[in-house]
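# Architecture and fold: a report
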Amino acid sequence: MKSLSELINDPATHLIDVREPYEVDEVSVDGAENIPMGDVADELEKFKSMEGNIVVFCRSGGRSASVMQFLQQNGIENVTNGGGYADVQALQN
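First, a word on scope: everything that follows refers to the structure included in this document. Owing to the predicted nature of the structure, the values given are computational and were not obtained by experimental measurement.

What follows is about the overall build of the chain. Regarding its fold elements, the chain presents five helices and four strands. The secondary structure elements of the chain, listed N-terminal to C-terminal, are α-β-α-β-α-β-α-β-α. Radius of gyration (C-alpha) of the chain: 12 Å, near the 12 Å computed for a compact globule of 93 residues. Long-range pairs, those at least 24 residues apart, make up 63% of the contacts in the chain with a sequence separation of at least 6.

As structure tokens, this is what we get:
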């Protein structure tokens, strides 16, 4: 199993920021796509179509933990909680 750092730096990994757009406007993570937590259920098919690993993150890791659990309950196994955006940024090469 890859480490979180390896996942984050793998070009095939989807980095998904589940914060609200106004939060992303304040500080964003290079290469991340913003899908706010409230939109995740509506975007389930998009998640299912993603090839490779998925790393979800938010401000502190709480929302992304909930999103990861929801995705796993809906059959998406290749998802990891990256924690907060600062954690993800710190691990990016």
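With respect to topology, four strands assemble into an open sheet ordered β2-β1-β3-β4, the strand pairing being parallel. The open sheet is flanked by β2 (33–34) and β4 (79–84), the only strands paired with a single partner. When strand β1 (residues 14–17) meets strand β3 (residues 54–58), the two strands line up parallel, connected through four bridges. Bridge assignment links Leu15 to a residue of β3, and that residue is Val55.

Of all hydrophobic cores here, the largest spans 14 residues; its most connected members are Ile16, Val18, Val40, Phe47, Ile54, Val56 and Leu71. For this core, the secondary structure elements donating two or more residues are α3 (44–49), β3 and α4 (62–73). Of the residues forming this core, the biggest block, three residues, is contributed by β3. If we ignore the near neighbours within four places in the chain, the residues touching Val56 are Ile16, Val18, Ser64, Val67, Met68, Leu71, Val79, Thr80, Asn81, Gly82 and Gly83.

For α4, which comprises 12 residues, the first-to-last C-alpha distance of 17 Å matches the rise-based estimate of 16 Å (1.5 Å per residue) to within 8%. Just downstream of α4 lies Gly75, where phi reads positive at about 90°.

Calculation notes
Residues numbered from 1 in each chain as written. Predicted model: local features only at pLDDT ≥ 70, side-chain atom pairs only at ≥ 80, totals over all residues. Heavy atoms only, no water. Helix = DSSP H or I, 4+ residues; strand = E, 2+ residues; numbered from the N terminus. Rg over C-alpha atoms; globule rule 2.2 N^0.38 Å. Contact = heavy atoms within 4.5 Å. Pairing = 2+ DSSP bridges. Core = buried A, V, L, I, M, F, W, Y, C linked by side-chain atoms within 4.5 Å. Buried < 20%, exposed > 50% of the residue type's maximum accessible area, 1.4 Å probe, protein only. Expected span 1.5 Å × (residues − 1).

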